[in-house]
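# Architecture at a glance
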Amino acid sequence: MKKQIGIFGTILGCIGLDQITKRLACSVLKGHEAIPVIRNIFELQYLENRGAAFGIFQNKQGMFVAMTVIVLAVLTYIYFQIPESGKYIPLKICYVLLTSGAVGNFIDRTMQGYVVDFFYFKWIDFPIFNVADIYVTFAMILLLFFILFYYKEEDLDFISRKGRHGKKD
């Protein structure tokens, strides 16, 4: 139980960091010119994103809210199926990052109708993003790496109907 409290405390801390950075972006960047951090390469620029990643699906807030609730429910169900072994700490880290990112942007969508983005790689004209997006992207990269190179297929049997120990329940 203590581990779950620690995990959820970490999630709350990550969400807090995301929300603080977005509030700072609103107070410092909104209505102003972009702030170059590394001239012509990286800057802080305010954007109200009413879509998903890279600005797709503009103004579909209801769809995003429903998808987020479903994804969070599935992730949380899977999280509680993860065996209590040090081998699965990477999966728990991915859960923390994915959940933090999803909830961080969910808060923006439900409270404001848009997500605040502010990091911009001007040099490659990469879409503007935020801390929650970093959490989700990093988690997905880690998850892909661990599934491809760290875990064996039977290590992930707990996700299937076979249950926690590879046997049907």
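Coordinates for the structure precede this section.
Just so we're clear, the structure is a prediction, and the values are computed from it rather than from any experiment.

## Quick look at the packing of helix α3 (residues 89-112) against helix α4 (residues 131-149)
Two numbers describe how α3 lies on α4: the axes approach to 8 Å, and their chain directions differ by 150°. When the axes of α3 and α4 are compared, the pair comes out roughly antiparallel. In this structure, the crossing between α3 and α4 has a hand that is left-handed. Every residue of α4 that contacts α3 at Pro90, Leu91, Ile93, Cys94, Leu97, Leu98, Ser100, Gly101, Ala102, Gly104 and Asn105 is listed here: Ala132, Asp133, Tyr135, Val136, Phe138, Ala139, Met140, Leu142, Leu143 and Phe146. Of the residues contributing to the contact of α3 with α4, the split by class is 16 nonpolar, four polar and one charged.

## Considering the sheet that holds strand β1 (residues 35-38)
Taken together, three strands build an open sheet; the order of strands is β1-β2-β3 and the sheet is antiparallel. Every other strand in the sheet has two partners, leaving β1 and β3 (115-121) as the edge strands with one partner each. With strand direction ignored, the average angle separating the axes of adjacent strands in the sheet is 35°. Of the pairings in the sheet, the one linking β1 to strand β2 (residues 42-49) comprises three bridges and is antiparallel in character. Of the residues in β2, the one forming a bridge with Pro36 is Glu43.

## Quick look at the pairing of β3
Judged by how many residues are buried, β3 sits mostly within the fold: six of seven residues are covered. In this structure, β2 lies alongside β3, joined through six bridges in antiparallel fashion. The partner of Phe42 across the bridge, within β3, is Phe121.

## Digging into the pattern of salt bridges
Applying the stated rule across the entire model yields seven salt bridges. In this structure, Asp18 and Lys22 form a salt bridge, with 2.9 Å as the shortest nitrogen-oxygen distance. Note that Asp18 and Lys22 are positioned in helix α1 (residues 2-29) at a spacing of four residues, about one turn of the helix. With its nearest N and O atoms 3.0 Å apart, the salt bridge here joins Lys22 to Asp108. Pair noted here: Lys22 is in helix α1 and Asp108 is in helix α3, with a separation of 86 residues, a long-range link. Of the two residues examined, Lys22 and Asp108, each falls in the buried class. Beyond isolated ion pairs, a larger network of salt bridges with shared partners links Asp18, Lys22, Arg23 and Asp108.

Rules behind the numbers
- Residues numbered from 1 in each chain as written.
- Predicted model: local features only at pLDDT ≥ 70, side-chain atom pairs only at ≥ 80, totals over all residues.
- Heavy atoms only, no water.
- Axes fitted to C-alpha atoms, helices over the stretch in contact; angles between N-to-C directions.
- Helix = DSSP H or I, 4+ residues; strand = E, 2+ residues; numbered from the N terminus.
- Parallel < 35°, antiparallel > 145°, perpendicular 65-115°, else oblique.
- Left-handed = near helix turned anticlockwise from the far one by under 90°.
- Contact = heavy atoms within 4.5 Å.
- Nonpolar A, V, L, I, M, F, W, Y, C, P; charged D, E, K, R; others polar.
- Pairing = 2+ DSSP bridges.
- Buried < 20%, exposed > 50% of the residue type's maximum accessible area, 1.4 Å probe, protein only.
- Salt bridge = Lys/Arg side-chain N within 4 Å of Asp/Glu carboxyl O.

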